[in-house]
Amino acid sequence: MDFATIIQILDSAVRLMTPLLLACLAGLYSERSGVFDIGLEGKMLMAAFTAASVAYATGSPWLGLLAGIGGSMALALIHGLASITFMGNQLISGVAINFLASGMTVLLGQRIFGLGGRTPSLTDGGRFGEIILPFADALRDVPVLGPVYADLISGHSILVYVAFLCVPLTWWVLFRTRFGLRLRAVGENPASVDTAGVSVTRLRYASIAICGLLCGLAGAYLATGLSAGFVKEMTAGRGFIALAALIFAKWRPWSALFATFLFGLLEAIANRYPNLDLGVITIPSMFMNALPYILTVIILAGFVGRAIPPRAGGEPYVKER
Amino acid sequence: MDKMPKWADVILTPLISLILAMAISAIVILAIGESPWLALKTMIDGALGSSYGWGYTLYYTTNFIFTGLAVAVAYHASLFNIGGEGQAMLGGLGVALIALALPWPHWSLALPAAMVGAALFGAAWALIPAWLQARRGSHIVITTIMFNFIAAALLNYMLVNILKPAGTQDPASANFPEGAHLPQLTEMAAALGIEWGKNTPVNITFIIALIACILVWLLIWRTRLGYEIRALGRSEPAALYAGISPVRITVIAMLISGGLAGLMAINNVMGEAERLVLNAVEGAGFIGIAVALMGRNHPFGVFLAALLFGFLYQGGGELALWTSIPRELIVVIQALVILFTGALDNMVRMPLERIFLALRGKGHA
């Protein structure tokens, strides 16, 4: 494996990790505030559909992005209604949202475009183009660092850079702002936050809205950045891999970056080498695809450092009367 | 004192939830420019209007009874088993390995053996999440989701690399031997001189599913183990105080749950396809969640809800055939049923409770 190949695989990993990273951070906000979210998959799928549809209709990826956020937010609102206002089961609500997105995208897609649930392919105008960073071409010939800069760091769509910027931003919001402190507190001990006179309901709705926003970015990136248009079930379990990454990262933003990079890299390797020949044994691609899930189970089992979720996660907060 | 009479809790709330789900589905159908009335008529005609329709409806019902019971049993121990899909996949693997292992002379021998295989494989797939939940406190919802994906990868591998007969392209196992053919209800009806349900896949497994409902009812409400499962589900500290081991009951409840999900494979793998194909489960494991929620985790409720979803499934197929409404409408209805009966339960319940309290207040005054 030569240097150019490694760069190519890493470049592909960066593209593949972006939706995972955005969705993982989305889940991080929600779960840190004590609302479990297994509906990341559905929100991404809905966002991918609305983003692709609007981008196709208007020819603008930016309007598509807005629509993607809108689609994802609508589902986030349902989740909030079920799990915060009506104190329902958050897991069941997440399951419902996944199915709702899975069915509605095809139903609407078939109605609007008549292509069996697909949207028409987006032309270049409807997609997010690649951003060439300054001097990328000039520096390409510099040994080692040149290709890294020109081919790995430069040349992604804007949402990739946004996703990476969201990591320090999330860290700062969670650990350096009053909002973040309250958000984390409400996920650990909502009663104490309530006692301090801060609304648990409002905080949790805020975090769910952020979750919807980030899932919207993730879905829009899938449909208008990574691919050119929406296809049925295009998220293909990415929402669950993001959930796995969230556990793998133990609900921390920087670790989320590494976890999603690892899972993106696994996918990139599996794509490039369907049957990875290690000389002694050949690893089938199915194993590579299942590896994120297997790793997560191992982490969950607590054999490699324990993953402890926010204490109040999954519990609706009942204010005492 | 309960806020509502029991009948309201058991019948009224699921019924109102169902009506809400159906009303929104009707709005969705209107929104995509079709007539909800025509859609309903097409579905009823296609699913219940002929013995052919009934044959398919009952075939799907059989699948959903097993996966619904699986979710229900785990739920009584307050465990949310989302892994029915993976457990049913593994059940299919168990059935295939046993059906292909011997040249079975007669179904009466092949069926019990395959049932053991299906239940064992399904239960084994539930064992690790159960153990991790009981011993290490890893959330069972997350581990069962992960195990669904691992199961899909495993099955894909087994079919492509091991079970696929040489020289074929299809990722599917060889056809099962003649002797492993289960009696179809059509054949059983024909033996009685009745012509019923020609060319439909409903088979003897339907009867086994009905027996499973009764057995689960006996287990949950008439045995010591069932009592222990319910006690754990209600309150872990109380169960512990009563000398019930949470670890033991968690693992046993999940083994039964996984076994039931695995048993579904008797119907779809042995009874219908007669070979193992990729994606044989077709989401039935997830529908089990809706079925259990709708049926209030009671075997009779599960049976009724499974029948409803069997009807929706067969009706949805007919809908896709005769109108321009895609099959995915069923997924939307399924989502709405889960949403209203499961997550938004309180939205229906709170106003109802208020009404009943008001009524009762008047009675006392």
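Criteria and cut-off values
Residues numbered from 1 in each chain as written. Chains lettered and ligands numbered in written order. Predicted model: local features only at pLDDT ≥ 70, side-chain atom pairs only at ≥ 80, totals over all residues. Helix = DSSP H or I, 4+ residues; strand = E, 2+ residues; numbered from the N terminus. Rg over C-alpha atoms; globule rule 2.2 N^0.38 Å. Buried ≥ 20, exposed ≤ 12 C-beta atoms within 10 Å, placed from the backbone. Contact = placed C-beta atoms within 7 Å. UniProt positions renumbered as here; feature names shortened; annotations may be inferred. Axes fitted to C-alpha atoms, helices over the stretch in contact; angles between N-to-C directions. Left-handed = near helix turned anticlockwise from the far one by under 90°. Nonpolar A, V, L, I, M, F, W, Y, C, P; charged D, E, K, R; others polar.

**Q** Residue-level account of the overall build of chain A, with values.
**A** The secondary structure content of chain A amounts to 13 helices and two strands. Relative to the globule expectation of 20 Å for 321 residues, the C-alpha radius of gyration of chain A, 20 Å, shows essentially globular dimensions. Over its C-alpha atoms, taken along the principal directions, chain A stretches across nearly 70 × 50 × 40 Å. Per-residue burial over chain A gives 53% buried out of 321 residues. Within chain A, counting contacts between residues at least 6 apart in sequence, those at least 24 apart form 76% of the total.

**Q** An account of the UniProt feature "transmembrane region" (unreviewed entry) in chain A is requested, with residue identities and associated values reported.
**A** Residues and elements named next belong to chain A. Listed under "transmembrane region" (unreviewed entry) in the UniProt record, and renumbered for this structure, are residues 6-28, 63-84, 91-113, 153-174, 208-231, 251-270 and 290-308. Spanning residues 91-113, this segment combines 100% helix with 0% strand, and its end C-alpha atoms are found 33 Å apart. End C-alpha atoms of residues 251-270 are separated by 26 Å, and the span's content is 90% helix alongside 0% strand.

**Q** Could you give an account of the environment of A:Leu66, with specific residues and numbers?
**A** All names here are of chain A. Mapped onto the elements, Leu-66 comes out in helix H3 (residues 61-85). When the 18 C-beta atoms within 10 Å are taken as the criterion, Leu-66 is described as partly exposed. In this structure the C-alpha to C-alpha distance between Leu-66 and Val-54, which are 12 residues apart in sequence, comes to 8.9 Å.

**Q** Please provide a residue-by-residue account of the environment of A:Glu267, values included.
**A** Residues and elements named next belong to chain A. Of note, Glu-267 is situated in helix H12 (residues 253-272). Judged by local crowding, Glu-267 falls into the buried class, with 22 C-beta atoms found within 10 Å. With 251 residues separating them in the primary sequence, Glu-267 and Leu-16 have C-alpha atoms 7.4 Å apart.

**Q** Could you give an account of the packing of helix H1 (residues 3-32) of chain A against helix H6 (residues 145-153) of chain A, naming the residues involved and the relevant values?
**A** Residues and elements named next belong to chain A. Between H1 and H6, the shortest axis-to-axis distance is 9 Å and the interhelical angle comes to 35 degrees. The two elements H1 and H6 cross, and the hand of that crossing is right-handed. Taken together, the residues of H6 that come into contact with H1 (itself represented by Ile-7, Leu-10, Asp-11 and Val-14) are Pro-147, Val-148, Asp-151 and Leu-152. Tallied by class, residues from the contact of H1 with H6 come to six nonpolar, no polar and two charged.

**Q** Got a sec to walk through unusual backbone geometry? Specific residues and values, please.
**A** Residues and elements named next belong to chain B. Of note in the backbone geometry, Ser-78 takes a positive phi value of approximately 50 degrees without being a glycine. Locating Ser-78 in the fold gives a position in the loop between helix H3 (51-76) and helix H4 (84-101). You can call Ser-78 partly exposed: it has 16 C-beta atoms within 10 Å.

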